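Each chain, written out:
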Amino acid sequence: MPSQEARDVIRRGAEQALDPRPEWLAELFDAVVHSARTEPAYTDPVLQEGARRANVSNLLHWAAANVHDPGARVRANLGSELLEASRDMVRRGLDETSLETWRLGQNVAWRRWMEICFSLTNDLAVLHEVLALTSRSIYTFIDDTVAALAEVIRAERHELTQGTASERLATVSLLMEGAPVPQETAEARLGYQLTGHHLGVIVWGHETSGEQLERASELLLAATNAPRRLTVLATGSSLWLWLPVSTAPRSDDLNAAFAAMPTIHVAVGHPRVGRDGFRQTHLEAATVQRMMARLATPRRAGTYVDTQLVALLSHDVAAADQFIDDTLGDLVNADPDLALTLRTYLDEQCNAARVAERLYTHRNTVVRRLGRCDELLPRRVADDPVGVGAALHLLAWRGARADG
């Protein structure tokens, strides 16, 4: 058992760890998701979010245990966040070795823990005791958690990888990879024809029930007038859909349709034809999904047609933010109606009458707003209409910044 002095330091340090700083969590997240070993598995924002939640859960689990009983062995974490993240990995074809990703955060957690301990005591003997004990504690806790999760996955693997849902996901994954699956075989497994038009859609939401995902899918059928849909369970909180339609709804219309479902997000590809189109429209929807996650957009839905430029410009979020600030200047923090009016004005080929009709406002109001925009911009709209338009579209999809 540790000395009372060491227990006091561990308890106070664990209390700090229970309220981690945002930069700590960001560093922990990057270590797990953005390493060369794991990044290919986390291109899906849903899997990324699952990994983030699982790592935060591990941190808080260990800290809470050491507040309660400093220095005691911490039981394995089998909380819902880790179980769901692990099950999603299995659904996507990853095995127990993927659980080793939880170890990648250990070095980050250990460095931060040492910083906390050094700030709490100057007694070298106590510090040595604390670091020796907690080093073993952290590594043993991760070992125990990985072993326990691996056992759960082995027990559930048959259920997770058998049946119609898993067969559909496996078949779709092969088609996405361009594997030479006979078309007749693929269609029989999917219960869906690969000829004709396809519109790929991804529906997802954090802390979202299967019932909500199903309701969202039905809303999409109504919004697109699709006669049927192919539905694939991608993870516990996301669905991949294909609709046999030749047109896609507008982003604004979808946002209105999903206004009453604040936890649901929808990404829509472009309508494509045939087997190659089945693959391409899904990859386009995935591009929109990644863009929405990257920009932390407050919007519920986006389509490839409406967001293709934004997706291209936002791969480097920091650079995109700098472009917005440099191009729009004081307009960024002005009344949002000003940016909306100017964006609509550029979209409508600088026709103020059409802007007034589209925004349900008077033409004189539109003209006044445009004049105010010119006052706020670093350069007049007429001097850089393309740059201003691109920055306005980025701004429209940009969520709250980490520094804001």
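Higher on the page you've got the structure.
Calculation rules
Residues numbered from 1 in each chain as written. Predicted model: local features only at pLDDT ≥ 70, side-chain atom pairs only at ≥ 80, totals over all residues. Heavy atoms only, no water. Helix = DSSP H or I, 4+ residues; strand = E, 2+ residues; numbered from the N terminus. Buried < 20%, exposed > 50% of the residue type's maximum accessible area, 1.4 Å probe, protein only. Contact = heavy atoms within 4.5 Å. Areas by Shrake-Rupley, 256 points an atom, 1.4 Å probe, with all protein chains shown as cover. Lys, Arg positive; Asp, Glu negative; His and termini not counted. Charge placed at Lys NZ, Arg CZ, Asp CG, Glu CD. Patch = residues over 30% accessible without salt bridge, like charges linked within 9 Å, V, L, I, M, F, W, Y side chains within 5 Å. Salt bridge = Lys/Arg side-chain N within 4 Å of Asp/Glu carboxyl O. 1 Å grid on protein atoms, 1.4 Å probe; cavity = no way out; pocket = protein on both sides within 12 Å on 5 of 7 lines; lining within 4 Å. Points joined across faces, edges and corners; volume = space filled by probe spheres on them. Nonpolar A, V, L, I, M, F, W, Y, C, P; charged D, E, K, R; others polar. Axes fitted to C-alpha atoms, helices over the stretch in contact; angles between N-to-C directions. Parallel < 35°, antiparallel > 145°, perpendicular 65-115°, else oblique.

Chemist: So what's going on with the overall build of the protein chain? Residues and values would help.
Modeler: For the protein chain, the count of helices and strands is 17 helices and six strands. Judged by the C-alpha coordinates and their principal axes, the protein chain covers about 80 × 60 × 35 Å. Burial analysis of the protein chain (404 residues in total) assigns 48% to the buried set. Of the contacts made within the protein chain by residues no fewer than 6 positions apart, 73% connect residues no fewer than 24 positions apart. Surface exposure of the protein chain reaches about 19500 Å², of which carbon and sulfur atoms provide 51%. Of the charged side chains in the protein chain, 42 are positive and 53 negative; the average position of the first set lies 3 Å away from that of the second.

Chemist: Can you tell me about a nonpolar patch on the surface, naming the residues and giving the values?
Modeler: Together, Leu309, Leu312, Leu313 and Phe323 line one region of the surface with nonpolar side chains, adding up to about 350 Å² of accessible area. In terms of residues, the nonpolar patch owes the most to one element, helix H12 (residues 304–313), which gives three residues. Note on placement: Leu313 falls in helix H12. Exposure remark for Leu313: the relative accessible area of 34% places this residue in the partly exposed category.

Chemist: Give a detailed account of empty space enclosed by the protein, specifying residues and quantitative values.
Modeler: Summed over the entire model, instances satisfying the criterion amount to two cavities of 30 Å³ or more. Empty space within the largest cavity amounts to approximately 320 Å³. Forming the boundary of the largest cavity are 20 residues, of which Leu28, Asn58, Leu59, Gly105 and Ala109 lie nearest the centre. Of the residues in the lining of the largest cavity, the class split is 15 nonpolar, four polar and one charged. Along its surface, the second largest cavity is lined by Leu25, Leu28, Phe29, Arg52, Asn55 and Val56. Only helix H2 (22–33) and helix H3 (45–68) provide two or more residues apiece to the lining of the second largest cavity.

Chemist: Tell me about the packing of helix H14 (residues 336–347) against helix H16 (residues 363–376), and please be specific about residues and values.
Modeler: Packing of H14 against H16 leaves a shortest axis separation of 9 Å and a crossing angle of 105°. Relative to H16, H14 is oriented roughly perpendicular. On the side of H14, the interface is formed by Asp337, Leu338, Thr341, Leu342 and Tyr345, while H16 contributes Val366, Arg369, Leu370, Arg372, Cys373 and Leu376. Its residues assigned to classes, the contact of H14 with H16 shows seven nonpolar, one polar and three charged.

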